[in-house]
Structures are given as structure tokens and as C-alpha cells.
Amino acid sequence: MKVNARKRGKTWQYYFEVAPINGKRKQIVQSGFRTKKEALEAGHLAKLDYDNTGQVYKASDMSVHDFMIEWFEKKAKLEYKAATLRKYDSIIRNHINKDLGNLYLRSLTAMKLQEYINQKYLIENYSKSHVSHLMSCLNLAFNFAIIPCGYLKDNPMIYVKLPRKLQPDTKNKIVHIEEIKSIVNYFDATNKSALKLAWLLGYFTGLRRSEILALSWNDIDFKNKTLSVKYTQSVGLKSKNILNSPKTHSSKRTISICDIVIKELKSWRKKQKENRLSYGEYYINNYIDSKGFINRESNGKFYDFIFTRENGIALVSSDIGRSIKLIKKNLNLDIAFHDLRHTHATILIQNGAPLKAVQARLGHSKLDMTFNVYLHNTPDMEKELVNILENIK
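A brief structural summary. Because the structure is a prediction, the values reported are computed rather than measured.

## Brief notes about the pairing of strand 5 (residues 226–229)
Phase 1: Neither face of strand 5 is left uncovered, since the one carrying Thr226 and Ser228 and the one carrying Leu227 and Val229 both have all their residues buried.
Phase 2: Relative to strand 5, strand 4 (residues 220–221) runs antiparallel, the two being bridged by two bridges. Pairing of Ile220 across the sheet is with Leu227, part of strand 5.
Phase 3: Summarising the sheet, strand 5 and strand 8 (residues 253–256) pair through four bridges and their orientation is antiparallel. When the bridges of strand 8 are listed, Ser228 appears paired with Thr254.

## Digging into the packing of aromatic side chains
Phase 1: Per the counting criterion, the structure on display carries 14 aromatic pairs.
Phase 2: Ring geometry for Tyr231 versus Tyr303: centroids 6.4 Å apart, planes at 75°, classification edge-to-face. Of the two residues, Tyr231 sits in the loop between strand 5 and strand 6 (232–235) while Tyr303 sits in the loop between strand 11 (301–302) and helix 10 (317–331), which places them 72 residues apart along the sequence.
Phase 3: Tyr231 gets classed as partly exposed once you look at its relative accessible area, which sits at 35%.
Phase 4: What links up through ring pairs into an aromatic cluster is the set Tyr14, Phe16 and Phe33.

## Side note on helix 3 (residues 82–99)
Phase 1: The terminal C-alpha atoms of helix 3, which comprises 18 residues, lie 25 Å apart, in line with the 26 Å expected from a rise of 1.5 Å per residue.
Phase 2: Of all bends in helix 3, the biggest is about 45°, found at Ile92.
Phase 3: Of all the positions in helix 3, only Ala82, Leu85, Tyr88, Ile91, Ile92, His95, Ile96 and Asn97 are classed as buried.
Phase 4: Where helix 3 is buried, its residues contact helix 2 (64–79), helix 4 (110–123), helix 5 (128–146), strand 6 and strand 7 (241–244).

## Observations concerning the packing of helix 7 (residues 193–205) against helix 9 (residues 259–279)
Phase 1: Interaxial distance between helix 7 and helix 9 falls to 10 Å at its minimum, and their mutual angle equals 160°. One finds that helix 7 runs roughly antiparallel with respect to helix 9. Helix-helix and strand crossings are classified by hand; for helix 7 and helix 9 the assignment is left-handed. Across from Ser193, Ala194, Lys196, Leu197, Leu200, Leu201 and Phe204 in helix 7, the residues of helix 9 making contact are Ile260, Val261, Glu264, Leu265 and Trp268.

## Regarding unusual backbone geometry
Phase 1: Geometrically, the link from Ile147 to Pro148 is a cis peptide bond, its omega value of 15° lying close to zero.
Phase 2: Counting through the fold element by element, Pro148 comes out in the loop between helix 5 and helix 6 (177–189).
Phase 3: Positive phi outside glycine occurs at Asn125, with the angle close to 65°.
Phase 4: By the element assignment, Asn125 lies in the loop between helix 4 and helix 5.
Phase 5: Take Asn125: its relative accessible area is 54%, and that puts it in the exposed class.
Phase 6: Look at Asn191: it is not a glycine, yet its phi comes out positive at around 60°.
Phase 7: For Asn191, the position within the fold is in the loop between helix 6 and helix 7.

Here is what the cut-offs are and how they apply
- Residues numbered from 1 in each chain as written.
- Predicted model: local features only at pLDDT ≥ 70, side-chain atom pairs only at ≥ 80, totals over all residues.
- Heavy atoms only, no water.
- Buried < 20%, exposed > 50% of the residue type's maximum accessible area, 1.4 Å probe, protein only.
- Helix = DSSP H or I, 4+ residues; strand = E, 2+ residues; numbered from the N terminus.
- Pairing = 2+ DSSP bridges.
- Phe/Tyr/Trp six-rings, centres within 6.5 Å; stacked < 30°, edge-to-face > 60°.
- Expected span 1.5 Å × (residues − 1).
- Bend = angle between axes of the 7 residues up to and from the residue.
- Contact = heavy atoms within 4.5 Å.
- Axes fitted to C-alpha atoms, helices over the stretch in contact; angles between N-to-C directions.
- Parallel < 35°, antiparallel > 145°, perpendicular 65-115°, else oblique.
- Left-handed = near helix turned anticlockwise from the far one by under 90°.

Remember, this is a structural readout, not a statement about activity or role.
Right under this line is the structure:
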């Protein structure tokens, strides 16, 4: 399979034979070279690509902007859940296409991309998590550019690293029972029963915000005092709220709940039924369509959410976000909802709960996640260490 060159009009082209299809000879041809020498040089490189991979790489004139849209529509939308799609959509619109969109895709070298990541992380001071998601988006897209698209020969992102930066010493807050009581009393006084229950449930179960908001009354077994986590609620494209299956098998779980939680659940269920009667035909029912999106148009299956507004509309993540601001403004307590999860795990372990049991309760797939991320050193733990040392004989 020798590489040959011939003149076609005012330019030269290379050609060589490749594997026959259905017994018929097949050639790869590329035109547009000024001289025979240029055509042969390009032909030899193309043949080398073909011999090694079975494909001939063609440098693409596609812009980064157009390619990222192609990747998102043809690849990402087919593979990722709604929350991930929303995150990548935001990254593409607000960063990649805004900063790099007018460049040729083939012009993005590892050096250029490393400088871009350094700029985002070290100069513009975006968080480590945000820049990591940006890098992940680029890496996944460039893999698609290689196979099946053939726009790139290799992925420049594999050589790009997140630069080191001194991180602030941030510790997750341990929420004290007095603080939870203040929050509960505040939501009681302001007639926000659903939010009161959400914060109590976070403290006494360690469930994630997304897991709490996805709960239905079918997930509560009052007789056996258990709660089942089957779905998570997140925000998808176009800010539509959606129910998803949890990320891992271990996240689907059934846990025991204490009498305080049972009492509050029963109280809220009674109040919710009263609201339905009070609003009558104007009470809002929630439905889940075939793709998991939450709607109020009777599209799909009725879903009996535990956490709703007075008029029946399902609570969403932004409602919890607003409750955090209310707590900060009215109680001067700077507490993130996820702090409840950290606190729950720490209290259990500090009081002798087996690590494996805590792991299962939190829905972790690996024990080291429970130990390293959610176990926090507290003053009581420090005192216990001193007591152990003083009692050495």
C-alpha cells in the first residue's frame, strides 16, 4: 500500500489503498496541497495513522464553541443525569465557550489549557470543586473528539493538572442540640412546619438535602419506625426539578428513625391533610413524568411528597436555601444544611456506634468515606484521649 501523489488542477493530492470492503478496492484521498512533496509528506503521515489505528486523522476547522455544543447534544445528554447536565451546561456557557469558544478546537494545546486552568483557579479564584468540574467537562469532551469524531489525535487535558494552592482551614460545623431547638422554635413560631420537619429530619437521620426533598409518605413505615431512601431530588436543565435514582447502590437504604421524628412526621401529615381540605380544588398535586421531572399538570404518576408548601407544591432545594438565610438573619446562626449530616455522623461515632452501622445509615459505599469525611474531632474526643493516657498503668 504505497503512498502516491498526483496533480489535480492546480493542486496535488495523495492517495493510498486501504482494506477492501466487500472485496472491492478502497482508497483514501486528500487534495489541496501546493506541491507534490507536501502531498507525499502528508500522505505518509496519514498512512501511518491508518496503519496504527485504522483511521485517518483529519485536522478539524471546528471551533471550540461548536464542538462543545455537539458533545453536549450528542454525547452528554445521552449519558448523564439531569443535575450533572445542568452543571456541565453552565460550565460550557459561562466558561468554556465564553473564554475559548472562538478558538479552533485543534489549537488547544496542553500548555494553553494548563494556563487556562491556572487562570481560573489561581487568579480568578474559583473553588477547587468548580475548577475540577471544568476540567472533567473538558476531558470528557476531548475524549469524544478523538473517538468517535476524529477531530483530535490525542487528549491534551490528560497533561493538565490542578495547580497547588494553599487552602483555607475550613471545618464543618458541629450543630448543637440547643441550636436545633432554636431553629425548630423559630419555624414553629413562623408557621413553617415543613421546614421545621426538614431540619429535624436532617439532624436525626443524617439524610442529604436531596434525599429529604424526594421522600414520599410511602417511604415511611410508622409501624416499624423506618424510613426508606429511594430517590434524590435535584435541579436539571432549564431549572426543572427532577427525581433521580441515588448515585450508588448503597445510597438506596432503609434506616430506623427515633420517636421524636415519628411524632413530628405524624403531626405534619395531619397538618398537610388539613391544608388539602382547606384549599379544596386549589390544592396542588405533584406528578412525576416518564423522565422523572416534577410537574403539576397531571403529567405522569401522582407522587405524594412529604415536604410541600401549604398549598401542596413540593419543596425544592431553593426552599432549603432560603431557610438557611432566614436562620442566619433571624437567629444569627451560620449553619449549612449539610452540617446536619456531619453532626449526625460525629454524634453517632462519638457515642460508640459501630462504624459499619454509621456507614450503612449514611449510604456510603466505602468505610473510609465515613471515617475521613464525616468523623470530626471534638473537644469531648480530646478529653477522652487525655483520660485514656492518664489511666495508662
